[in-house]
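The primary structure of each chain is shown beneath.
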Amino acid sequence: MAIVTCSNKACTINPLKMSQPIGGAFAFLGLRGAMPLLHGSQGCTSFGLTLLVRHFKEAVPLQTTAMSEVSTVLGGYENVEQAVLNIYKRVKPEIIGISSTGVTETKGDDVEAFIRLIRQNHPHLEKFPLVYVSTPDFKDAFQDGWAKTVARLVEVLVDPLDPAAPRDCSRVNVLPGCHLTPGDLDELRTIFEDFGLRPSILPDISGSLDGHIPDDFTPTTIGGIGVDEIATMGQGVWTIAIGAQMRRAAEAMQAKTGAPFRLFERLCGLVPSDEFVTFLSEISGKPVPAKYRRQRGQLADAMLDAHFHIGGRRLAIGAEPDLLFDISSMLHEMGAEVTAAVTTTASPVLERVKAQEVVIGDLEDLEELAKARDCNLLICHSHGRQAAARLNIPFYRAGFPMFDRLGAAHQMSVSYRGTRELIFDLANLIIADREDNHQPTPATWKINGAGLRAVPPQLN
């Protein structure tokens, strides 16, 4: 059991975490025809938009209420009203999702009251979906913003259902955590469909941020789950939540519709994948397809091949709690040792990370721990690249944002196939580092009394 500690520095030196509003806006991007709206200054929105665009290499719809110094002090009703009216008239979205920021939370804007007044003054917006989520960026982190937003979407948009009402036995609700990529969701959808199940994924960023080119330009999201489908999610026979962050949303779904839920805290690794496909076989009444039995054998073989390179490695990992728990658990099972673990926010899974200590801190904490504990592999998002360079150790990019490599949306870590790909990527990274930095060269040869001898290369 890991000891969870918080960094006691007076300020953050090199931030690891992304803010709550970005996480909230990210969740809204998984809805069809959506326009996320940050209630705050233009700078808050510009920063989040930059990160999202650089990560996905796509056009990302994101608007702002453009709060100035005066409107912040006097209140932001007029800014919210004008933003909603402009978006509704010019963009014609199916839903507007509003996330607060630090400046408006500090002022104390009652955005729920703003929405009621907007509906009262503009009757044509009476039934239009306007969903507000409180996501101040001076507390919590990216994962929290996503989790709060998904729970709020369930509370506002899902129609209540009598627990005794008949349900569609082939339909399941899927609530994925923010640590899953569009590629992960595509893989999960295929698995569900191979068991004869029809998944309703909320949010579904695989439809909106998977990098496809639409036939026609649209200023809103170009895919994802529709508001009409969200409303009928209560008809699903089961709710499957992925990541501890999604427990609140799953409980909200159960309270509103009576649908039972199953929480999978991780889907990376052999045993979690076994548990997942076994559960799908049980609820669908169908045997596990032969393709997944073969994929399981391929993963077991990949683990055998790669453990010579991954086993015994000392790892430093900086990530959101669910991603940290998922990847570190799999690598622990491969024989690696997590000696430096830093995360962004509190979570019940942190105590179960296979490490002596988990620090809620920043990238400076991660770099210092990695150096002090002689780590030889760093896993983090792209902001960790300078630390890896200073430490002179291999660097694997995981999480958000990943802005200096292509294909972030299609990176996979779930199920048998995703775990296998992750294992190969890490093992090949380690092999390449050994070949590049630790082969004998003229500089590594020394002369002693017996003549020339090679100095054995030292692993980082």
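How each quantity is defined
Residues numbered from 1 in each chain as written. Predicted model: local features only at pLDDT ≥ 70, side-chain atom pairs only at ≥ 80, totals over all residues. Heavy atoms only, no water. Domains from an automatic or database assignment. Contact = heavy atoms within 4.5 Å. Buried area = accessible area lost by both parts, 1.4 Å probe. Salt bridge = Lys/Arg side-chain N within 4 Å of Asp/Glu carboxyl O. Pairing = 2+ DSSP bridges. Helix = DSSP H or I, 4+ residues; strand = E, 2+ residues; numbered from the N terminus. Axes fitted to C-alpha atoms, helices over the stretch in contact; angles between N-to-C directions. Phe/Tyr/Trp six-rings, centres within 6.5 Å; stacked < 30°, edge-to-face > 60°. Buried < 20%, exposed > 50% of the residue type's maximum accessible area, 1.4 Å probe, protein only. Lys NZ or Arg CZ within 6 Å of the ring centre and 35° of its normal.

Now for the domain arrangement of the protein chain. Interfaces are frequently sized by the accessible area removed from exposure as the parts join. The assigned domain composition of the protein chain is domain 1 (20–140), domain 2 (168–206 + 220–289) and domain 3 (294–437). Between domain 2 and domain 3, the C-alpha centre-to-centre distance is 25 Å. Counting residues at the interface gives 21 residues for domain 2, matched by 25 residues for domain 3. Counting each side, the surface lost to burial between domain 2 and domain 3 is near 2100 Å², with a carbon and sulfur contribution of 56%. For the domain 2 face of the interface with domain 3, the top three residues by lost area are Arg266, Cys268 and Leu270, together amounting to 29%. In this structure, the connection of domain 2 to domain 3 is made through 5 salt bridges.

Moving on: the sheet that holds strand E13 (residues 377–380). As summarised here, the arrangement of the 6 strands in space is E1-E12-E11-E10-E13-E14, forming an open sheet in which the pairing is parallel. If you trace the sheet from one side to the other, it starts and ends with strand E1 (3–6) and strand E14 (395–397), each paired once. The mean inter-strand angle of the sheet, taken between neighbouring strand axes irrespective of direction, is 20°. Judged from the 2 bridges that link them, strand E11 (residues 337–343) and strand E12 (residues 357–360) form a sheet pairing that is parallel. Along E12, the bridge assignment pairs Thr343 with Ile360. Helix-sheet contacts for helix H14 (residues 321–333) involve strand E10 (314–318), E11, E12 and E13, and the interaxial angle to E11 is about 175°. Along the sheet face, helix H15 (residues 363–372) touches E10, E11, E12 and E13 and points at about 165° away from the line of E11.

Okay, the packing of aromatic side chains next. Per the stated rule, a full pass over the model turns up 12 aromatic pairs. Ring centres 5.6 Å apart and planes at 35° place the aromatic pair Phe26 and Phe142 in the tilted group. Pair noted here: Phe26 is in helix H1 (residues 20–28) and Phe142 is in helix H7 (residues 142–157), with a separation of 116 residues, a long-range link. The same class applies to Phe26 as to Phe142, namely buried. Of the aromatic side chains, those joined through ring pairs into one cluster are Phe26, Phe56, Phe142, Trp146 and Phe400. Stacked on the ring of Phe403, the Lys or Arg Arg54 has its end atom at 4.1 Å from the ring centre. Lying over the aromatic face of Phe279, Arg262 brings its terminal NZ or CZ to 5.1 Å of the ring centre.

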